[in-house]
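# Structure assessment
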Amino acid sequence: MDDRDKRRVGEQIEPGGRPKAPGRLETLQRFVNTYNKDFPPAWDRLGTPAKAQAWLLRKGLVAPPVRITYGDVARLREIREALRALVAANHGSAVPRGALGTLRHEGAGVRLRVGFGPRGATELEPVGRGADAAVATVLDILHEAQISGLWPRLKACRQCGYAFFDRSKNRSAAWCAMSICGNRTKNRTYRRRRARSHAVPTSRS
Ligand SMILES: [Zn+2]
């Protein structure tokens, strides 16, 4: 994969060609995948106010006119990493306290109202604007996915933290793509084992 393709990972390209998360959960998945620690920090889609603003507008998470600040960027990135920790916990581990603290704090502040479509279908809509609206929508999606039962299938790659949707029958997928991170992990284990078995006690006498 060349750099041009790597930059598209998380948006146009899914590692391993996995289908994206269904429905609105895809937006939350994309939000977590606006950054991957295996890629340069400059590739962070929420890395600057201008980048974050463009991304949020593209996803319909904010409506123009909008002005995203450096403070908003820091807040959005903190929420993103808290969500990544929550997704990682779907492998069966506990949610780190710091992540829960961030989400509880944000959850206490969001404002949503019940909207009605032409056929009476209800939908929660953010009341605020800008980053507040984006955060409210993301947390609404999270809540909706937990109610619908989709949430446990959103996982974080054990190697790189990439959020992927696990469609396997027994929900056992652990890596974003076996061909990339799965093999990398296996190779490392193999190298470690090999190094141990080949280690010869040295003598300095
Ligand atoms: Zn990975």
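Above this text is the structure in question.
Residues numbered from 1 in each chain as written. Predicted model: local features only at pLDDT ≥ 70, side-chain atom pairs only at ≥ 80, totals over all residues. Heavy atoms only, no water.

## Overview of the side chain of Thr137
- Take Thr137: it is sitting in helix α6 (residues 130-148).
- Overall, Thr137 belongs to the buried group, its relative accessible area being 13%.
- Excluding its chain neighbours within four sequence positions, the residues that come into contact with Thr137 are Arg24, Leu61 and Pro126. (Helix = DSSP H or I, 4+ residues; strand = E, 2+ residues; numbered from the N terminus. Buried < 20%, exposed > 50% of the residue type's maximum accessible area, 1.4 Å probe, protein only. Contact = heavy atoms within 4.5 Å.)

## Focus on the pattern of salt bridges
- Taken as a whole, this structure holds 15 salt bridges when the rule is applied.
- Its salt-bridge partner being Asp140, residue Arg24 comes within 2.7 Å of it at the nearest N-O pair. With a gap of 116 residues between them, Arg24 in the loop between α1 (3-6) and α2 (25-32) and Asp140 in helix α6 connect regions that are remote in the sequence.
- With a closest N to O distance of 2.9 Å, Glu106 and Arg75 form a salt bridge. Of the two residues, Glu106 is situated in helix α5 (residues 97-109) and Arg75 in helix α4 (residues 70-88); the sequence distance between them amounts to 31 residues.
- Residue class for Arg75 comes out partly exposed when judged on its relative accessible area of 21%.
- The network of salt bridges with common partners includes Asp44, Arg77, Arg80, Glu81 and Arg84. (Salt bridge = Lys/Arg side-chain N within 4 Å of Asp/Glu carboxyl O.)

## Comments concerning the nonpolar core
- In this structure, Leu25, Leu28, Phe31, Leu56, Leu83, Trp151 and Leu154 are the most contacted members of the largest nonpolar core, which totals 36 residues.
- With residues near it in sequence (within four places) discarded, Leu28 still touches Val138, Ile141, Leu142, Trp151 and Leu154. (Core = buried A, V, L, I, M, F, W, Y, C linked by side-chain atoms within 4.5 Å.)

## Thoughts on a nonpolar patch on the surface
- On the surface, a nonpolar cluster with roughly 360 Å² of combined accessible area is contributed by Leu112, Val114, Phe116 and Leu124.
- Of the residues forming the nonpolar patch, the biggest block, three residues, is contributed by strand β1 (residues 112-116).
- Relative to the assigned elements, Phe116 resides in strand β1.
- On the basis of relative accessibility, which here comes to 58%, the residue Phe116 falls in the exposed class. (Patch = residues over 30% accessible without salt bridge, like charges linked within 9 Å, V, L, I, M, F, W, Y side chains within 5 Å. Areas by Shrake-Rupley, 256 points an atom, 1.4 Å probe, with all protein chains shown as cover.)

## Description of the packing of α4 against α6
- It is at 11 Å that the axes of α4 and α6 come closest, and there the two elements cross at 10°. Classified by the interaxial angle, the pair formed by α4 and α6 is roughly parallel. Counted together, Asp72, Arg75, Leu76, Ile79, Leu83 and Leu86 of α4 and Ala131, Asp132, Val135, Val138 and Leu142 of α6 form the full contact between these two elements.
- The class makeup of the residues in the contact of α4 with α6 is eight nonpolar, no polar and three charged. (Axes fitted to C-alpha atoms, helices over the stretch in contact; angles between N-to-C directions. Parallel < 35°, antiparallel > 145°, perpendicular 65-115°, else oblique. Nonpolar A, V, L, I, M, F, W, Y, C, P; charged D, E, K, R; others polar.)

## A word on the packing of aromatic side chains
- Within this structure, the stated rule accounts for two aromatic pairs.
- Consider the rings of Phe31 and Trp55, whose centres lie 6.1 Å apart with planes at 40°: the pair is tilted. Of this pair, Phe31 sits in helix α2 while Trp55 sits in helix α3 (residues 49-58), and the two are 24 residues apart along the sequence.
- On the basis of relative accessibility, which here comes to 0%, the residue Trp55 falls in the buried class.
- With centroids separated by 5.3 Å and ring planes inclined at 45°, the aromatic side chains of Phe39 and Trp43 adopt a geometry described as tilted. (Phe/Tyr/Trp six-rings, centres within 6.5 Å; stacked < 30°, edge-to-face > 60°.)

## Considering the environment of Cys160
- Mapped onto the fold, Cys160 is located in the loop between β3 (154-156) and β4 (163-165).
- A residue is classified by how much of its surface remains accessible, and Cys160, at 5% relative accessible area, is buried.
- Measuring from C-alpha to C-alpha, the distance between Cys160 and Phe39 comes to 9.7 Å, with 121 residues separating the pair along the chain.
- When sequence neighbours within four positions are dropped, the list of residues in contact with Cys160 reads Asn36, Lys37, Asp38, Cys176 and Cys181.

## Some points on unusual backbone geometry
- With an omega dihedral of -5°, the bond running from Pro64 to Pro65 counts as a cis peptide bond.
- Within the secondary structure, Pro65 is located in the loop between α3 and α4.

## So, a positive patch on the surface
- The grouping of Arg188, Arg191, Arg192, Arg193 and Arg196 at the surface amounts to a positive patch.
- Mapped onto the fold, Arg196 is located in helix α7 (residues 178-198).
- We classify Arg196 as exposed; its relative accessible area is 60%. (Lys, Arg positive; Asp, Glu negative; His and termini not counted. Charge placed at Lys NZ, Arg CZ, Asp CG, Glu CD.)

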